[in-house]
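Here is what each chain is made of, one letter per residue.
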Amino acid sequence: MIRYVFFYPSEVIGGAELLFLRLAQYLVQKSYSILIVDQEKPSYISRNLDRNIKNIDFFNAGNHSKCYLNENDTLIIAMSYIDIFREAIIPNDKTKIIIWDLHPYNLIEQLSFSKMYKYSQLVSKPLKYLEYSSIRKIRNLIEVGTNSSALFFMCSYNYEFNNIFFKPKISPIYLPIFIPEIRIQNSIDKLAKVCNEIINIAWISRLDSDKIDVLYLLIDDVINFNKKSNLRVKLHIIGDGNMLVSLKKSTHTDMICFTGRLIDNELTDYLKSINIGFAMGTSVLEFAARKIPSVVVPTTTEVDVFSKVTKRYCWLYDTIGYDVATSKKYIEQNITKSFETIIIEFIKDTFGDIQDKCFKYQINSHSISSVANRLIDLSIKSDLTYKKLKTTKIYQHSYYQAFLRGLKRDVKKLLTLCKKR
């Protein structure tokens, strides 16, 4: 019998954390055994699983201890942990490895000059030559993983971004993110009414530095709309994070309110008064699953592009290839719409067609049953063992590569210390 092993040691709530938590819960419901491996402190996933269920085990890899896997185990990891998991886990050579790419930067972050690749096209080309060997290994990883039915991209944007950089010769396998059906059963059946000519819109996310720039674009759109329209838009910001205090200080209007973090039934109850939801990733699916008109916002990786245009958004059902954020290609293909256009289309939609389209799209493309069952089928079909993964040589580093990796690690530590001061 297969045992599924999860390693996602993050301690905070976020889209990926919820994704793996819900997947683990679904597999348990399907009578699979699962093992959660943590580092030192309990992860968000292990803290929110019922420890009384017989087929769930937990392992804490603190104090230099490591978790040994066997040949019947299938390890499910996010691409971001492709290297780090070995600090806590020692797989058997026959252990299967399933890799899920959940962010466009997951692969590039494995490289020493990742920051420069992300933010400076000018110097990217010469730097690629300096670590061509590492790039070639990751390309090999993508090809071997995909051909082994073991490496999945969550959406077309993630694949396209990495295809341009690494140029692998593959036909990508997509495994989109999902929302559990229980959210759908608790969905809101009626459109929230526009009261006193105020349209209530909501944003859901962690309020951390990687999300905040996109939120500021939305805030600017709300403020500008309210200045020139007879209708008023009130923005409800749902979430918590290290940028919350500075965000509150920079927003001085009664048309923006902060709720803190809301989850499960508490979130459902609050959203009953919301007319439109704006978000990216798992958060935009939270709106759609509750039959709330759902708007996809720009990807965090292209904020600079969207800061120069007014057409930034699109309805969830207009997205391409399971994308859950708009990108430059949406501008080029004339899919994106301005904030004002979104509001006008909502007002004209007296029969609730938009909410129904968003809901049906989420059911057809992002339901847990279809996605999780596909993952199970692919994991059974996969022949990517740990032994085969090692043949890609991603764990073999020359002295030069080890030096670059060590330098990146030290610079990160130094920057972290500077921020704390």
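Residues numbered from 1 in each chain as written. Predicted model: local features only at pLDDT ≥ 70, side-chain atom pairs only at ≥ 80, totals over all residues. Heavy atoms only, no water.

1. Details of the overall build of the protein
Along its length, the protein carries 18 helices and 15 strands. Here the C-alpha atoms of the protein give a radius of gyration of 22 Å, agreeing with the 22 Å that 2.2 N^0.38 yields for 421 residues. Along the first, second and third principal axes, the C-alpha atoms of the protein reach 65 × 55 × 45 Å. By residue count, 54% of the 421 residues in the protein fall in the buried class. Taking as baseline every contact in the protein between residues at least 6 positions apart, the subset at least 24 positions apart corresponds to 68%. (Helix = DSSP H or I, 4+ residues; strand = E, 2+ residues; numbered from the N terminus. Rg over C-alpha atoms; globule rule 2.2 N^0.38 Å. Buried < 20%, exposed > 50% of the residue type's maximum accessible area, 1.4 Å probe, protein only. Contact = heavy atoms within 4.5 Å.)

2. Regarding helix 15 (residues 353–366)
The terminal C-alpha atoms of helix 15, which comprises 14 residues, lie 19 Å apart, in line with the 20 Å expected from a rise of 1.5 Å per residue. Listed as buried for helix 15 are I354, Q355, C358, F359, Y361, Q362, S365 and H366. For helix 15, the angular spread of buried residues about the axis comes to 160°, placing them on one side. Helix 15 presents K360 and N364 as exposed residues on the side facing more than 90 degrees away from its buried surface. (Expected span 1.5 Å × (residues − 1). Arc of directions from axis to C-beta.)

3. A word on the sheet that holds strand 12 (residues 276–279)
Pairing in this open sheet of seven strands is mixed, and the strands run 11-10-9-12-13-14-15 from one edge to the other. Of all the strands in the sheet, just strand 11 (256–260) and strand 15 (337–338) have a single pairing partner and so form its edges. As defined by bridge partners, strand 12 adjoins strand 13 (residues 294–296) across three bridges and the pair is classed as parallel. Bridge pairing links A279 to V296 in strand 13. (Pairing = 2+ DSSP bridges.)

4. Structural notes on the state of the cysteines
Summed over all chains, the structure comprises zero disulfides. The thiol sulfur of C358 is not disulfide-bonded, and the nearest other cysteine sulfur, from C314, lies at 9.5 Å. For C358, a relative accessible area of 0% gives the class buried. (Disulfide = S-S within 2.5 Å.)

5. Side note on the side chain of D208
Along the chain, D208 turns up in the loop between strand 9 (198–204) and helix 8 (209–228). The contacts of D208, once residues within four sequence positions are left out, are G241, N242 and M243.

6. A short note on the sheet that holds strand 5 (residues 73–78)
Judged by pairing direction, the sheet is parallel, and its six strands sit side by side in the order 3-2-1-5-7-8 without closing on themselves. Two strands close off the open sheet at either side, each with one partner strand: strand 3 (56–60) and strand 8 (151–153). Going across the sheet, the axis of each strand differs from the next one's by a mean of 20°, ignoring polarity. Pairing of strand 1 (residues 3–6) with strand 2 (residues 33–38) involves four bridges; the strand directions are parallel. Looking at strand 2, one finds that R3 is bridged to S33. (Axes fitted to C-alpha atoms, helices over the stretch in contact; angles between N-to-C directions.)

7. Quick look at the packing of helix 1 (residues 15–29) against helix 16 (residues 368–381)
Put simply, helix 1 and helix 16 touch, their axes get as near as 11 Å, and they point 75° apart. Taken together, the axes of helix 1 and helix 16 lie roughly perpendicular to each other. The segment helix 1 lies against helix 16, with R22, L23, Y26 and L27 engaging I368, S369, A372, N373, L375 and I376. For the contact of helix 1 with helix 16, the per-class residue count stands at seven nonpolar, two polar and one charged. (Parallel < 35°, antiparallel > 145°, perpendicular 65-115°, else oblique. Nonpolar A, V, L, I, M, F, W, Y, C, P; charged D, E, K, R; others polar.)

Worth remembering: the numbers are spatial, not functional.
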